[in-house]
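# Remarks on the overall topology
Residue strings, one per chain:
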Amino acid sequence: MSEKTPLLHYRLSSNTAGSDRAVGVTVETSPSVSREAVEKPSKKLSTFFGVIMPTVLSMFSVVLFLRIGFVVGHAGLYQSMLMFFIAYLIITMTVLSICAVSTNGALDAGGAYYMISRALGPEFGGSIGIMFFFANICGCALYVLGLVEAVTVTFGVSEGLKKDATGLTYSYHVLPVGYWWCLLYGSGILLLCLVVCLVGAHIYARATFLIFLIVMTVLSSIFVSFFIVGPRTVVLPGACANSTLPARANYTGFKMETLLGNLWANYEVDYTTGSMMTFATVFAVMFNGCTGIMAGSNMSGDLKNPSYSIPRGTLTAVVFTFITYNLLACLLLQRNYSFLSDINIWGPLVTVGIYSSTLSAAMSNLIGASRILFALSRDKLFSGVFAPASRTSEGGNPWVSVLISWSLVQVVLLSGKLNTIASIVTIFFLLVYAAVDLACLALEWASAPNFRPTFQYFTWYTCALGILGCLVMMFLISAIYASVSIAFMLVLLLLIHYLGPSSSWGYISQALIFHQVRKYLLMLDVRKDHVKFWRPQVLLMVANPRSSTGLITFVNDVKKSGLYVLGHVQLGELEVLPADPLQSCYDSWLSLVDHLNIKAFVSLTLADSVRHGIQHLLFISGLGGMRPNILVLGFYDDCSPKNNLQDCVFPISTLSLDRFSPAKAQKRIFHFPAVRSDKVGSEAARAKDLSNEEYVYVIADAVKMQKSVALARYFCSFSRSEVLAKGKPGQSGLFVDVWPLNLLRPDNAGYVDTCSLFLLQLACVLHMSHAWHQARLRLFLCVETGCCLEEAKEKLQRMLKDLRFTADVYTVPWDHVVVLHGQRQEMAGKCRFKAQTEGHKDRAIECVQNFPSNTTLLSDEYLCAVNLLIREHGDPPPAVRFLYLPRPPADTRRYASYLHQLDLLSRDLGPTLLIHGVTPVITTAL
């Protein structure tokens, strides 16, 4: 069953076959789901065995038996209770988040990694998963070192004891003690854990209840001993012949003088590391007794009722351990880390409890680390880096992950002392807990309808308080370790984001972005639009992306952080089709956006004609204040398009429950039709989906809708990389030519109308983009001999200065071109006069109506002369030209002639944009 399968289907498919037949439900299983997953035995663990017991065992280990005296002896009763309050406040906030996330859906193996990755997405999940993996590695080493310390205290013979002034020695102190000896003992204990994890991990699971009984028995004996055992003298470790530290201490039992003497802090040097203790370092050691709160949530797959058991069981375990730690804190003794065995009614009983709890915790962390590594390798977030860790035995045991985890724990054991790595372990776990709180906070802020956990006793305040508490304590413990761990996590996050494969888990970032975008779109009021903040928002109509890649990438440079929509019209009628044909096309279009590395949306529509489809897109594209204000069309001509889009190879990593399925590189084919040049005969003639008149109708429709229009010609062979290379030193130079005059109306030589300024603005926007910043704008001013050339040039330069444009201005005499138009005008005047004198009223009216549009007064000779004029003043050749696009004529019978004139005007000019602007876009005011 895939991640996209609804939760209801998950619940149904988890039923037995008999239940399915009873309710008449047919359960379909995905091919990727193994038979073992389908035939999974029913959940049977209760709240006590599935949550309370593993959580209490994980929290009762080193701190309970070996570090209570350390905490209270250094920090005093008041600060000890303050430490426990801060620690349990942090973990309580995290427990509330765990309960919320774990009761929002079914959990799988991986614990915190699984929760965070499925809640926040692969980036956060993978990075936090690595941090949680290292936390378990260091935690395993910490428990192994704690067990070594307990063994050496019981059976070790140190230099200090040989020279002890008291002369107290015992026959069972036979083990040599030193750094290398402790490393040897730790390696042996770790080897035992490895053997159990490789051969008999089920033995540990079966022995959990026995270990729990032992720990509870020892804990009960400790409390009983405080009432039964009388005052006695206790030998303090670390005192030798030449030491100033006391060799003995008196256990007084319940005595007010002892209580008052231990209320306040008395930080001294730690006899195991030789370092001076502080509040932060003691807290770092103490917090390791609070890091097992996720043990219960990891068992959700084996619980009868996870939604009921996880919240109640975890909270019960937290309250129980909190009360126990605070009660033990009131039973005081300074400096001796193993004092509980010295004052117990039977000392060896405490020793058994220490050995069993620390060994259990060490194996638990080693198994947890290997399972997290296995989950990371199975999810393929780091491609092939963790691929070997996905190998398993026939029984499903990830033995490679176990070996890798074991080797890393062995490296950490080189630190030698428990207190040395306690800070690192605490910071790792605090970072993981902060991530769990962040996951719950993000889900709460995203307001996703599917986030409705059955556990309701949490708010975003508790999540934020948990995050703040974790971060504050991380930096109080060690600002360097905290900064390095956060930086390392961010590096992992970026690596997964840019290099990791896509997943089907869902991305919380998408939900948060949607939530914020919706809110800000509602705030974007179109009634407050102002010309000062105008930006191009483009709808580019694409008939076939295979021949439009050059235009698509060019328009991406022109948009200037504005809206960019790729539009496409597919001809057809939905009522005669069995399904919407556009849904299957979106993947190819979105892959095209990724392939071209552009920032654009995709909008597809189904219509009976191209004109109606473009009308639909102009009406509905965008949202709120983000709607297209420029329509870009390819030019209507007979040029044969070229296929510039080659099918590419993409790495496709299929996320499957089958752990043996490798990631494969598959060839993704863009499902776009072949270009017209690939067709022959009558098929090529019928390839166009609209006529020339309909094309002009589209332009006229856009102008009526107050949309500016740009016609792009000769961009089929436009290569952005080759064009931009001309701007590098030693090349011919990168130029953008602008002709702001309406060349189809030479009788109106003005260049300060809305459309001309629109041309200037778009050229300036292109120049402002980073890729085109080296381009030089060339502005061509057409003047007649009767005008003062220098005066016209200075006037235009003053205007450009006021508009803050930087461009080279060139004056172009064009008397020889205008005279061709003048001859045609004279003939038209005679035609009107003759029609009026001869009484042909209708013909005279027609002549009058045709005059403003100026479509009948332009000869092909004039248009060819203008085209030649533009080409002659294009040296060096520009990368792109911006020309004035006149408004379509009011008489629809002139549409064919209008398109013919545009064809002659822009023929063989290279990449050209004919632009018609309908709204003011420039202002000189602040």
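Residues numbered from 1 in each chain as written. Predicted model: local features only at pLDDT ≥ 70, side-chain atom pairs only at ≥ 80, totals over all residues. Heavy atoms only, no water.

Here the focus is the overall build of the protein chain. In terms of helices and strands, the protein chain carries 32 helices and 16 strands. Scored against the burial criterion, the 926 residues of the protein chain give a buried share of 50%. (Helix = DSSP H or I, 4+ residues; strand = E, 2+ residues; numbered from the N terminus. Buried < 20%, exposed > 50% of the residue type's maximum accessible area, 1.4 Å probe, protein only.)

Before going further, it helps to examine the nonpolar core. Core analysis: the biggest nonpolar cluster contains 135 residues, and Ile-91 and Ile-293 have the highest contact counts within it. Per-element accounting of this core gives the leading share, 20 residues, to helix H17 (residues 418–446). Aside from chain neighbours lying at most four places away, what touches Ile-91 is Met-59, Phe-287, Cys-290, Ile-293, Val-318 and Tyr-433. Counting residues in each nonpolar core, the second largest holds 64 residues, with Cys-764, Met-799, Ala-879 and Tyr-884 among its members. (Core = buried A, V, L, I, M, F, W, Y, C linked by side-chain atoms within 4.5 Å. Contact = heavy atoms within 4.5 Å.)

Turning our eyes to something else, we now look at the environment of His-497. Positionally, His-497 belongs in helix H19 (residues 479–499). With a relative accessible area of 44%, His-497 lands in the partly exposed category. Along the sequence, His-497 and Leu-381 sit 116 residues apart, while their C-alpha atoms lie 9.5 Å from each other.

Further remarks concern the packing of helix H23 (residues 610–620) against helix H25 (residues 692–704). Packed helix pairs are characterised by how far apart their axes lie and by the angle those axes make with each other. Their axes nearest at 9 Å, the elements H23 and H25 cross at an angle of 20°. Between H23 and H25, the interaxial angle falls into the category roughly parallel. Seen from above, H23 lies across H25 with right-handed handedness. Along its contact with H23, which presents Val-610, Arg-611, Ile-614, Gln-615 and Leu-618, the element H25 presents Glu-694, Tyr-697, Val-698, Asp-701 and Ala-702. Tallied by class, residues from the contact of H23 with H25 come to six nonpolar, one polar and three charged. (Axes fitted to C-alpha atoms, helices over the stretch in contact; angles between N-to-C directions. Parallel < 35°, antiparallel > 145°, perpendicular 65-115°, else oblique. Left-handed = near helix turned anticlockwise from the far one by under 90°. Nonpolar A, V, L, I, M, F, W, Y, C, P; charged D, E, K, R; others polar.)

Bringing the sheet that holds strand S13 (residues 776–783) into the picture now. Taken in spatial order, the 10 strands of this open sheet run S7-S6-S5-S8-S11-S16-S15-S12-S13-S14, and their pairing is mixed. Only two strands of the sheet have a single neighbouring strand rather than two, namely strand S7 (601–607) and strand S14 (808–813). For this sheet, the mean angle separating the axes of adjacent strands, direction not counted, is 25°. Of the strands in this sheet, strand S8 (630–634), strand S11 (708–713) and strand S16 (912–916) are in contact with H25, which crosses S8 at around 170°. (Pairing = 2+ DSSP bridges.)

Along the polypeptide, Ser-423 turns up in helix H17. For Ser-423, a relative accessible area of 12% gives the class buried. When residues no more than four places from it in sequence are discounted, the contact partners of Ser-423 are Ala-284, Ile-477 and Tyr-481.

Next up on the list: the pairing of S7. Buried residues dominate S7, accounting for six of its seven residues. Taken together, the seven bridges between strand S6 (residues 564–571) and S7 define a ladder with parallel strand orientation. Residue pairing in the sheet places Gln-570 in a bridge with Leu-606 of S7. In this region the chain leaves S6, passes through helix H22 (residues 586–596) and returns to the parallel neighbour S7; the handedness of that crossover is right-handed. (Right-handed = clockwise from strand over helix to strand, strands pointing away.)

Side chains of Leu-191, Val-195, Leu-198, Val-199, Trp-399 and Leu-403 sit close together on the surface and give an oily, nonpolar patch of about 510 Å² of accessible area. Counting only elements with at least two residues in the nonpolar patch, the list comes to helix H9 (179–199) and helix H16 (399–412). With four residues, the top contributor of residues to the nonpolar patch is H9. If you trace the backbone, Trp-399 turns up in helix H16. (Patch = residues over 30% accessible without salt bridge, like charges linked within 9 Å, V, L, I, M, F, W, Y side chains within 5 Å. Areas by Shrake-Rupley, 256 points an atom, 1.4 Å probe, with all protein chains shown as cover. Salt bridge = Lys/Arg side-chain N within 4 Å of Asp/Glu carboxyl O.)

One pass over the full model with this rule turns up 23 aromatic pairs. Relative to Phe-718, the ring of Phe-554 lies with its centre 5.7 Å away and its plane at 75°, an arrangement referred to as edge-to-face. Pair noted here: Phe-554 is in helix H21 (residues 549–558) and Phe-718 is in the loop between S11 and helix H26 (720–725), with a separation of 164 residues, a long-range link. No difference in accessibility class separates Phe-554 from Phe-718, as the two residues are buried. Among the aromatic residues, those joined into a ring-pair cluster are Phe-133, Phe-134, Phe-428 and Phe-488. Positioned above the aromatic ring of Tyr-520, the side-chain terminus of Lys-519 is 5.6 Å from the ring centre. (Phe/Tyr/Trp six-rings, centres within 6.5 Å; stacked < 30°, edge-to-face > 60°. Lys NZ or Arg CZ within 6 Å of the ring centre and 35° of its normal.)

Turning next to the environment of Phe-428. Within the fold, Phe-428 resides in helix H17. Judged by its relative accessible area of 14%, Phe-428 is buried. Excluding residues that lie within four positions of it along the chain, Phe-428 makes contacts with Met-131, Phe-134, Ala-135, Cys-138 and Ser-485.

Another point: the pattern of salt bridges. Within this structure, the stated rule accounts for 10 salt bridges. For Asp-525, the salt bridge is made with Arg-527, and the minimal N-O distance between the two is 3.0 Å. Taking relative accessible area as the criterion, Arg-527 reaches 74% and is therefore assigned exposed. Note that Asp-701 and Arg-611 form a salt bridge whose closest N and O atoms lie 2.7 Å from each other. Of the two residues, Asp-701 sits in helix H25 while Arg-611 sits in helix H23, which places them 90 residues apart along the sequence. Residue classification places Arg-611 among the partly exposed residues on the basis of a relative accessible area of 24%. One salt-bridge network, in which partners are shared between bridges, spans Asp-637, Arg-713, Asp-903 and Arg-907.

Below, the discussion takes up the packing of helix H18 (residues 460–477) against H19. Following both chains from N to C, one finds H18 and H19 inclined at 125°, their axes separated by 5 Å at the closest point. As far as their axial angle goes, H19 and H18 are oblique. Seen from H18, the contacting residues are Leu-471, Met-474, Phe-475 and Ile-477; seen from H19, they are Ala-479, Ala-482, Ser-483, Ser-485 and Ile-486. Of the residues that constitute the contact of H18 with H19, the class distribution is seven nonpolar, two polar and no charged.

Turning our attention to helix H27 (residues 754–768). For the α-helix, the turn length of 3.6 residues means that residues three or four positions removed from each other point alike. Look at H27: 21 Å from first C-alpha to last across 15 residues, which is about the 21 Å you get at 1.5 Å a residue. By the criterion of burial, H27 is predominantly enclosed, with 13 of the 15 residues buried. (Expected span 1.5 Å × (residues − 1).)

Turning to the side chain of His-568, a few remarks are in order. Turning to its location among the elements, His-568 is positioned in strand S6. Aside from chain neighbours lying at most four places away, what touches His-568 is Met-541, Val-542, Ala-543, Trp-589, Ser-603, Leu-604, Thr-605 and Leu-617.

With that settled, the discussion passes to unusual backbone geometry. For the bond from Asp-875 to Pro-876, the omega torsion is 0°, close enough to zero to count as cis. Examined against the element boundaries, Pro-876 turns out to sit in the loop between helix H31 (860–872) and strand S15 (880–884). Phi at Lys-560 is positive, roughly 50°, even though this residue is not glycine. If you trace the backbone, Lys-560 turns up in the loop between H21 and S6. Unusually for a residue other than glycine, Ser-561 sits at a positive phi of about 60°.

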